[in-house]
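Observations on the model geometry
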Amino acid sequence: MACLNVVKMRNMGKETVKKKKEECTLDGSVDRHGRPAVRNTSGNWFAAILILVNQGFATLAFFGVGVNLVLFLTRVMGQDNAEAANSVSKWTGTVYIFSLLGAFLSDSYWGRYKTCAIFQSIFVVGLVSLSVSSYIFLVKPNGCGDEHVACGPHSKFAISLFYVSIYMIALGNGGYQPNIATFGADQFDEDHPKEGNSKVAFFSYFYLALNLGSLFSNTILGYFQDKGMWGLGFWASAGSAVVALALFLVGTPKYRHFAPQGNPLSRFSQVLVAATRNWTVKTPPNGEELYEVNGKESSTNGERKILHTNGFKFLDKAAVITSKEESLDNVNNVQDTDPWRLCTVTQVEEVKCILRLLPIWLCTILYSVIFTQMASLFVEQGAVMKTTVSTFHIPPASMSSFDILSVATFIFIYRRVLDPLVARFKKSSSPKGLTELQRMGIGLIIAIMAMIAAGTVELVRLQYIKDSKSLSIFWQIPQYVLIGASEVFMYVGQLEFFNDQTPDGLKSFGSALCMTSISLGNYVSSLLVTIVMKFSKNEKMPGWIPGNLNKGHLDRFFFLLAALTAADFVVYLICAKWYKYIKVQGRNGGNNSGEDNDLRV
């Protein structure tokens, strides 16, 4: 489509009017004033780069608090190890719960831009509050909070202010995260060939920006906080968050937007109620006789129509016209119908989409169990290895730097080498190389390899202990590198998959699914450790993962995770074969759909 802008030009002292055609986006995006977005003056990489840099600074700020929060709780707040670990688990889980809140508000009412701006502001306030409270009330006497000097007792007011601050940080970051990735993808028109490819590339660069931001937190900020410079570390995080918010706001005139689509819970409920009311009605053999509004767009604020698919036949009953006096010719206006009795095909397919996504999502949780080992058991394993090179001490947690470097390397290899190579030899009309589901499957395989590598290192380490030797911590490099490679395939593929396969009105919810997968991975990991310790304890051995790892069998736990992930991979293959890609009617009249067989190479 084309936009007509009237441009006033002055020529020889006389004002003339010239009509200039400007190309608008094809995907229905608008500018901040609600007008159709002009391709050349909005969105694209200028806006996307601002969002990428924003993500890097925001991630730096968040992990500047999260990476050493457990140390702050023990050294400054006076909690014991178990209490501090539980506090961090609750806080981390709350972050991901708030991601569902942010996604709901964005998709339903506020839109992604407003949601990002509001929650980033809350994030900044929380960080400033934490910095002020730490400097004035908590890190007292001066110089406390390092490895040697514990801080004194705190008043109830200081403790309350601390918890209000960190949960404001959780609220701000949780509500912001599922929306910023989707908002960045919104800056590219998926119906335009060039911008469509850029949209796919954006998710890789987004995940890279996230990792680069956490790299600084895990190394530089982590070092200062470990030395007791908590005020400096928290103020650096607060400053980084302010810069992130400022960069986000700078791009306001250039951003492309999509209007929120309304409360999805009511739409889902209408389908279930209508289908239940019509449970005795016979469903037509094909979708042509089911109810849908005329035009290229659905009844929900310009959302694209979703084409009918087979499966979940019971839900199709919600779109069956049952009244004798009604017909497809006189029921074309959705305002003339009761949505609790008759729903459109698009509305029914929204529910089907989510039901089809859930098995895939469940299969990613066990991968997140493996991913969380980097922040827990990998660090504990490294702590009992040789951590010195000459006189320099290597903090075990800093080994995660190899994971981040691996992510950066494999993103480049995938984007520049592997994907074009597969696309060239792939016997398919799709311009993409590996599909998102194929990449997620590869991520699971590499994760299995990472656990086998970690278990093998532990076997060798235990053998060295028997010979009164100590294994170098650098033996952990392969397991960190493999985890990084698996992230590129799993998490980047997961971001793309859920963004592409969720309906137009639920894009932020798709990103929130990725975050809740990580959250549940933390809880499942904790549950697995508890179960393993309960059944592996006996009179001769204090369990596989005791306080002194030299007396345990951490290798068996890593091999157990590899076996569980292998079983999960088999289930994933079945779910991926069963999965049907969403098919939408493009605004230009064509159909946009995924490949029929997503596991076909």
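A brief report on the enclosed structure follows. (Residues numbered from 1 in each chain as written. Predicted model: local features only at pLDDT ≥ 70, side-chain atom pairs only at ≥ 80, totals over all residues. Heavy atoms only, no water.)

**Some thoughts on the environment of Gln585**
Mapped onto the elements, Gln585 comes out in strand 5 (residues 583-585). In this structure Gln585 comes out as buried when scored by relative accessible area, which is 17%. Separated by 278 residues in sequence, Gln585 and Leu307 have C-alpha atoms that sit 6.6 Å apart. (Helix = DSSP H or I, 4+ residues; strand = E, 2+ residues; numbered from the N terminus. Buried < 20%, exposed > 50% of the residue type's maximum accessible area, 1.4 Å probe, protein only.)

**Section: the packing of aromatic side chains**
Tallied over the full model, the rule gives 32 aromatic pairs. With centroids separated by 5.6 Å and ring planes inclined at 85°, the aromatic side chains of Phe137 and Phe157 adopt a geometry described as edge-to-face. Here Phe137 is found in helix 4 (residues 112-138), whereas its partner Phe157 is found in helix 5 (residues 156-186), with 20 residues between them in sequence. Aromatic pair Phe312 and Trp578: ring centres 6.3 Å apart, planes at 80°, arrangement edge-to-face. Taken together, the residues span a long stretch of sequence, with Phe312 in the loop between helix 8 (264-277) and helix 9 (313-316) and Trp578 in helix 16 (residues 554-578) at a distance of 266 residues. Relative accessible area serves as the criterion here: at 31%, Phe312 is assigned to the partly exposed category. Taken together, the ring pairs in this structure connect Trp45, Phe188, Phe202, Phe203, Tyr205 and Phe206 into an aromatic cluster. Directly above the ring of Tyr135 sits Lys140, whose terminal nitrogen or CZ lies 5.8 Å from the centroid. (Phe/Tyr/Trp six-rings, centres within 6.5 Å; stacked < 30°, edge-to-face > 60°. Lys NZ or Arg CZ within 6 Å of the ring centre and 35° of its normal.)

**Structural notes on the state of the cysteines**
Inspection of every chain in the model, using the stated rule, returns one disulfide. Across the disulfide from Cys144 sits Cys151; the S-S distance is 2.0 Å. Taking the sign of the torsion about the S-S bond as the criterion, the disulfide between Cys144 and Cys151, at about 85°, is right-handed. You can call Cys144 buried: its relative accessible area is 0%. Distance from the sulfur of Cys575, which forms no disulfide, to the nearest cysteine sulfur (Cys363) is 4.1 Å. (Disulfide = S-S within 2.5 Å.)

**A few points about the packing of helix 1 (residues 44-66) against helix 7 (residues 230-250)**
Relative to each other, helix 1 and helix 7 sit at 160°, their axes nearing to 8 Å. Compared by their axis directions, helix 1 and helix 7 come out roughly antiparallel. Here helix 1 and helix 7 pass one another in a crossing that is left-handed. On helix 7, the residues that touch Leu50, Val53, Asn54, Phe57, Ala58, Leu60, Ala61, Gly64 and Val65 of helix 1 are Phe234, Ser237, Ser240, Ala241, Val243, Ala244, Leu245, Leu247, Phe248 and Val250. Residue classes in the contact of helix 1 with helix 7 are distributed as 15 nonpolar, four polar and no charged. (Axes fitted to C-alpha atoms, helices over the stretch in contact; angles between N-to-C directions. Parallel < 35°, antiparallel > 145°, perpendicular 65-115°, else oblique. Left-handed = near helix turned anticlockwise from the far one by under 90°. Contact = heavy atoms within 4.5 Å. Nonpolar A, V, L, I, M, F, W, Y, C, P; charged D, E, K, R; others polar.)

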